[in-house]
Amino acid sequence: MALFSSLTPVFIAVICILIGVILKKTNGEKEECENKSKPLSRPWVDEDLKDGTDHHSEEEEVDEEWQGLDENVAHVPFLAERYSEAEMIKRSQMFYELLNKRRSVRFLSDEPVPREVINNVIRTAGTSPSGAHTEPWTFVVVQDPYLKHKIREIVEEEEEINYKKRMGDRWVNDLKRLRTNWIKEYLDTAPYLILIFKQVYGQLPNGKKKTHYYNEISVSIACGILLAALQNAGLYTVTSTPLNCGPQLRVLLQRPANEKLLLLLPVGYPKKDATVPALTRKPLEDIMVVM
């Protein structure tokens, strides 16, 4: 009896340990199950850069019958310019040489740029193809100094967090050789900022949402054409995708909820003392496969 009494605390301790192990295992399995059901957290991925074409929430009213496009679009004869082989080769070579001079320039002058030039390059970007001809893009041109500075404040605040916390060490180290950081002076000095928003859906006259097919791909193509148009006009920029700035910039610029920021371009002339990294491009044989 005395022996049992002396062992009682030991038995109690063992039982408590066993209960603790069981509870820990149960909670661990529960957490593991919950983690499996949740998407992996990737804080450096910007939600605005995701294409939501095929993902409509239940509360969204999408009109599947009529999307605002005429059923019987008139088709007209297409008259194309035709060049001789020699002219084609010459033109393609000249265009390549023009665009091969394009560089990302972070040192931009505050020298004024004709507004008509900006209008024309955006008109050019608007010729881009788009899914079902939905033209899901909005180009916001900012020239007001106050707005430009507010944009810089928002971008620099988020970019500092990106560099110090969100982006991995490998990414930050890769950027070091380009001598870039979260300080974005060009957002103040460039005469124009062009913010390109993708419209993830449209609005129909009946109040329902209009599907914008392949909205991100469509707007990305338009951005490429815009870069070519800027180069053709003798203007320079640096492509900027300010992570996690989209919602704040959308509010600042009073853009509707269906628009998400895809790209931010400061546009202007390079400063006289501007520098760029001495980079080379891949040769043709490394980027083209002929079958």
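For the structure, check the block above.
Residues numbered from 1 in each chain as written. Predicted model: local features only at pLDDT ≥ 70, side-chain atom pairs only at ≥ 80, totals over all residues. Heavy atoms only, no water.

(A) Representation of unusual backbone geometry. Its identity as a non-glycine residue notwithstanding, Glu-135 has a phi of 45 degrees, on the positive side. Positive phi outside glycine occurs at Tyr-214, with the angle close to 50 degrees. By the secondary structure assignment, Tyr-214 is in the loop between strand 4 (209-211) and helix 7 (215-232). Judged by relative accessible area, which is 55%, Tyr-214 ranks as exposed. (Helix = DSSP H or I, 4+ residues; strand = E, 2+ residues; numbered from the N terminus. Buried < 20%, exposed > 50% of the residue type's maximum accessible area, 1.4 Å probe, protein only.)

(B) Up close: the packing of helix 3 (residues 115-125) against helix 7. Taken N-terminus to C-terminus, the directions of helix 3 and helix 7 make an angle of 145 degrees; their axes are 8 Å apart at the nearest point. Seen along the crossing, helix 3 lies across helix 7 with a hand that is right-handed. Residues Val-121, Ile-122, Thr-124 and Ala-125 of helix 3 pack against Ala-222, Ile-225, Leu-226, Ala-229 and Leu-230 of helix 7. Of the residues belonging to the contact of helix 3 with helix 7, the class tally is eight nonpolar, one polar and no charged. (Axes fitted to C-alpha atoms, helices over the stretch in contact; angles between N-to-C directions. Left-handed = near helix turned anticlockwise from the far one by under 90°. Contact = heavy atoms within 4.5 Å. Nonpolar A, V, L, I, M, F, W, Y, C, P; charged D, E, K, R; others polar.)

(C) Spotlight on the packing of aromatic side chains. Tallying each qualifying case throughout the model produces zero aromatic pairs. Here Lys-209 stacks its cationic end above the ring of Tyr-201, 4.2 Å away from the centre of that ring. (Phe/Tyr/Trp six-rings, centres within 6.5 Å; stacked < 30°, edge-to-face > 60°. Lys NZ or Arg CZ within 6 Å of the ring centre and 35° of its normal.)

(D) Broad picture of the nonpolar core. Core analysis: the largest hydrophobic core is formed by 22 residues, its most contacted members being Ile-118, Phe-139, Ile-194, Ile-196, Leu-226, Leu-265 and Val-267. Looking at which element gives the most residues to this core, the answer is helix 7, with seven residues. What Ile-196 contacts, discounting residues up to four positions off in sequence, is Thr-138, Phe-139, Val-219, Cys-223, Leu-226, Lys-260, Leu-261, Leu-262, Leu-263 and Leu-265. Listed in part, the 19 residues of the second largest apolar core include Leu-187, Leu-193, Leu-195 and Leu-264. (Core = buried A, V, L, I, M, F, W, Y, C linked by side-chain atoms within 4.5 Å.)

(E) Region of the structure containing the sheet that holds strand 5 (residues 259-267). Strand order in this open sheet of three strands is 1-2-5, and the pairing throughout is antiparallel. What marks the edges here is a single partner per strand, and that holds for strand 1 (137-142) and strand 5. Pairwise comparison of adjacent strand axes, ignoring direction, gives a mean angle of 20 degrees for this sheet. Where strand 2 (residues 192-199) meets strand 5, eight bridges bridge the pair, whose relative direction is antiparallel. Of the residues in strand 5, the one forming a bridge with Phe-197 is Leu-261. (Pairing = 2+ DSSP bridges.)

(F) Focus on the pattern of salt bridges. Following the criterion strictly, the structure yields six salt bridges and no others. Arg-152 serves as the salt-bridge partner of Glu-156, at 2.8 Å between the closest nitrogen and oxygen. Placement of both Glu-156 and Arg-152 in helix 4 (residues 145-166) is noted, with a separation of four residues, approximately one turn of the helix. As far as burial versus exposure is concerned, Glu-156 and Arg-152 are alike and both buried. For Glu-216, the salt bridge is made with Lys-198, and the minimal N-O distance between the two is 2.8 Å. Residue Glu-216 is located in helix 7, and its partner Lys-198 is located in strand 2; the two are separated by 18 residues in the primary sequence. Summarising the burial analysis for this pair, Glu-216 and Lys-198 share the class buried. (Salt bridge = Lys/Arg side-chain N within 4 Å of Asp/Glu carboxyl O.)

Honestly, it's all geometry; don't read function into it.
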